[in-house]
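Tertiary structure, described
What follows is the residue order along each chain.
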Amino acid sequence: MNIFKKVLIIILAMAFIVATLAGCTGKSNNGSTTSENTASDSTSKDSTSDSSDSTNSSSDDTGKVDTSKEVHLIYYLWGNEGPANQDILNEINKKLKADINATIEVKYIDWPDVATKYPLLFASGEQFDMAHGSTNAVVSYFTLAAQGSLTDITDMVDKVAPKLKAEIPEESWKSAEYKGRIYGVPTAYTEFTPYGYVYRRDLKEKYGLGEINSIETMEAYMDAVVKNENFPALNGNSNDAQNMYRMFVDLTGDWIEAPGIPVSEMHLVAVSPEKYDEIIHPAFTQEFEDWAVLMHEWASKGYWPKDILSAQQDAKTNFNNGNSGGFITHMPDWTGNYGTVKKNLPDVETDFWCFAENTGKIKKKLGVENITIISANSKNPERALMAIEKFMTDEEYYRLIQYGIEGRQYEIVDGIARKPEKFNPDVDAGGFAAWALRNDKFNVPYDTEDPRRYELIKEWSKIAINNPYVGFSFDSTNISSELAAIANVNSQLGVQIMLGKTPDPKKAVEQYRNQLKQAGIEKVIEEVKKQLKDFTPIDLGN
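Residues numbered from 1 in each chain as written. Predicted model: local features only at pLDDT ≥ 70, side-chain atom pairs only at ≥ 80, totals over all residues. Heavy atoms only, no water.

1. Some points on the packing of aromatic side chains
The full count for this structure, using the stated rule, is 32 aromatic pairs. Each ring, one from Phe192 and one from Trp460, has its centre 6.0 Å from the other, and the planes form 80°; the classification is edge-to-face. Taken as a pair, Phe192 in the loop between strand 6 (184-186) and strand 7 (195-200) and Trp460 in helix 19 (residues 452-460) lie far apart in primary sequence, 268 residues in all. Residues Phe192 and Trp460 agree in their burial class; the two are buried. Plain terms: the ring middles of Trp298 and Trp304 are 6.4 Å apart, the flat faces sit at 65° to each other, and that makes the pair edge-to-face. A single burial state applies to Trp298 and to Trp304, both of which are buried. Taken together, the aromatic side chains of Tyr245, Phe248, Trp255, Phe288, Trp291, Trp298, Tyr303, Trp304 and Tyr512 make up a single cluster linked through ring pairs. A cation over a ring is seen here: Arg246 above Tyr195, with NZ or CZ 4.2 Å from the ring centre. The cationic tip of Lys419 hangs over the ring face of Phe423; the distance from NZ or CZ to the ring centre is 5.4 Å. (Phe/Tyr/Trp six-rings, centres within 6.5 Å; stacked < 30°, edge-to-face > 60°. Helix = DSSP H or I, 4+ residues; strand = E, 2+ residues; numbered from the N terminus. Buried < 20%, exposed > 50% of the residue type's maximum accessible area, 1.4 Å probe, protein only. Lys NZ or Arg CZ within 6 Å of the ring centre and 35° of its normal.)

This is the structure in structure tokens:
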């Protein structure tokens, strides 16, 4: 089942989940876990609500919160449990017990279950304390805030976690505001996730080619690979249809991805960041038709395998095994793959052509995109916030939650983290997908990361643009059936067009446009525009 069919299933499931929610009142580098709107504000729990964490005049070290009673916190994270995760938690809990008289239990939502179990976590009314959140989650952070599923921490953070308040940049706090209130703790980690083409430097030099920085130079490289190697330039599967669509959008004018259709399929775009409310579907442009013709040419040249629609292995896996000239992914995945390439292909160096860099559209990944949320059903929100403060402002806590136990999961040599010589993955592997708890100040690079990651972060920080949709939460309730129909069109004809698998690309585009119209694309666009009418992008002060 390709990704587009999965998307269709998820959308149909979400139509039910959204209806259920409307009736409610309210991967670390070490382990198995990682590699990494109708409710009113009054329904959200705020810092003045009754809770087990009553305040009094106890010690300043605990923000004047009464910590005399031990509490047990439940923390939901995505991923699965590594063999040593409980050992790491035991060390964390020793410290938490001594510092804030609390312990934490991590519950996991495994990767294949995130799309269904994460929404149900909130729809069910389950009592828990903390969870990972994101604007890109299947239920957005802003949707959860609007539905009253989260605790309002706006005043609480000043009272019980002042060090945390000072640690996180003001623009990150602003990015987390919903109607002027804050419902989660944003990450303090700088990250960019633009997509690009990863290719082999040795092959580029072997054939006397320069760096890839355009369609033309990419074609020259792929031509050389097809002509001289025994593998394609992009030896992937049907998932690469979405990668080609990302490439198309990133390389076309000022277009940026827009809300409405999930970004995991052939989504809507705004004509520019400034004109964020001018929404179109690229299919109805000449640029899309031209791209469809180009994709047909690339398929005919053998840039990817003839059986790509049915192939099981992705291009990255084939690349790591020496069976592909390149693959398309985002920058952190490219740099994070460094250790695997060094192990499997010790003589190979890679380079990365970032599509959005060509058009000046590298977007800042703001704090709210990885955020720690406190449930409105938490009995101990103050203590949960104090725990978050410890993880993000105390280096000993930070090392434990992000790296594990020093000497067992990691060691640091010359400022670089690596696995100890006696590391046994069967018993020592452990880690948590606690991305939202990261902090630049305490981050230690791994020896499995390409050091260019941090060079690019520094460089892109100077030129990155803001995402105009930060703070916007799209409600798909009125168009759920249209979205399901569009997902079906995308998973069939859309995939074929992006991978050049139609006999006549121009006729296929015409057919695709007609199918989108029949599926209700015009209604979807109008609904997005309607919801954007009263939206004003958050002023991040830059």
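2. A word on the pattern of salt bridges
Tallied over the full model, the rule gives 24 salt bridges. Where Arg438 meets Glu191, a salt bridge forms, and the shortest distance between an N and an O atom there is 3.2 Å. Taken together, the residues Arg438 in the loop between helix 18 (425-428) and helix 19 and Glu191 in the loop between strand 6 and strand 7 connect sequence positions 247 residues apart. A salt bridge links Glu411 to Arg418; the shortest N-O distance between them is 2.9 Å. Classification of Arg418 by relative accessible area gives partly exposed; the value is 35%. Where salt bridges share partners, they join Arg201, Lys204, Asp351, Asp450 and Arg452 into one cluster. (Salt bridge = Lys/Arg side-chain N within 4 Å of Asp/Glu carboxyl O.)

3. Remarks on the side chain of Ser491
Within the secondary structure layout, Ser491 lies in helix 20 (residues 480-498). Side-chain polar atoms of Ser491 contact the backbone oxygen of Asn488, separated by 2.9 Å. (Polar contact = N/O pair within 3.5 Å; in protein donor to acceptor, adjacent residues only side chain to side chain.)

4. Observations regarding the sheet that holds strand 12 (residues 350-354)
The strand order across the open sheet formed by three strands is 11-7-12, and the pairing between neighbours is antiparallel. A strand with exactly one partner marks an edge of an open sheet, and here the two such strands are strand 11 (326-330) and strand 12. Strand-to-strand twist in this sheet, taken as the mean axis angle between neighbours without regard to direction, amounts to 30°. Both strand 7 and strand 12 contribute to a ladder of five bridges, which runs antiparallel. (Pairing = 2+ DSSP bridges. Axes fitted to C-alpha atoms, helices over the stretch in contact; angles between N-to-C directions.)

5. Overview of the environment of Asn101
Structurally, the position occupied by Asn101 is in the loop between helix 2 (85-100) and strand 2 (102-109). Ignoring any residue separated from it by four or fewer positions in sequence, one finds Asn101 in contact with Thr67, Ser68, Lys69, Glu70, Val71, Leu96 and Arg383. Polar contacts involving the side chain of Asn101 include one to the main-chain carbonyl oxygen of Thr67, which spans 2.8 Å. At a separation of 3.3 Å, a polar atom in the side chain of Asn101 contacts the main-chain carbonyl oxygen of Ser68. (Contact = heavy atoms within 4.5 Å.)

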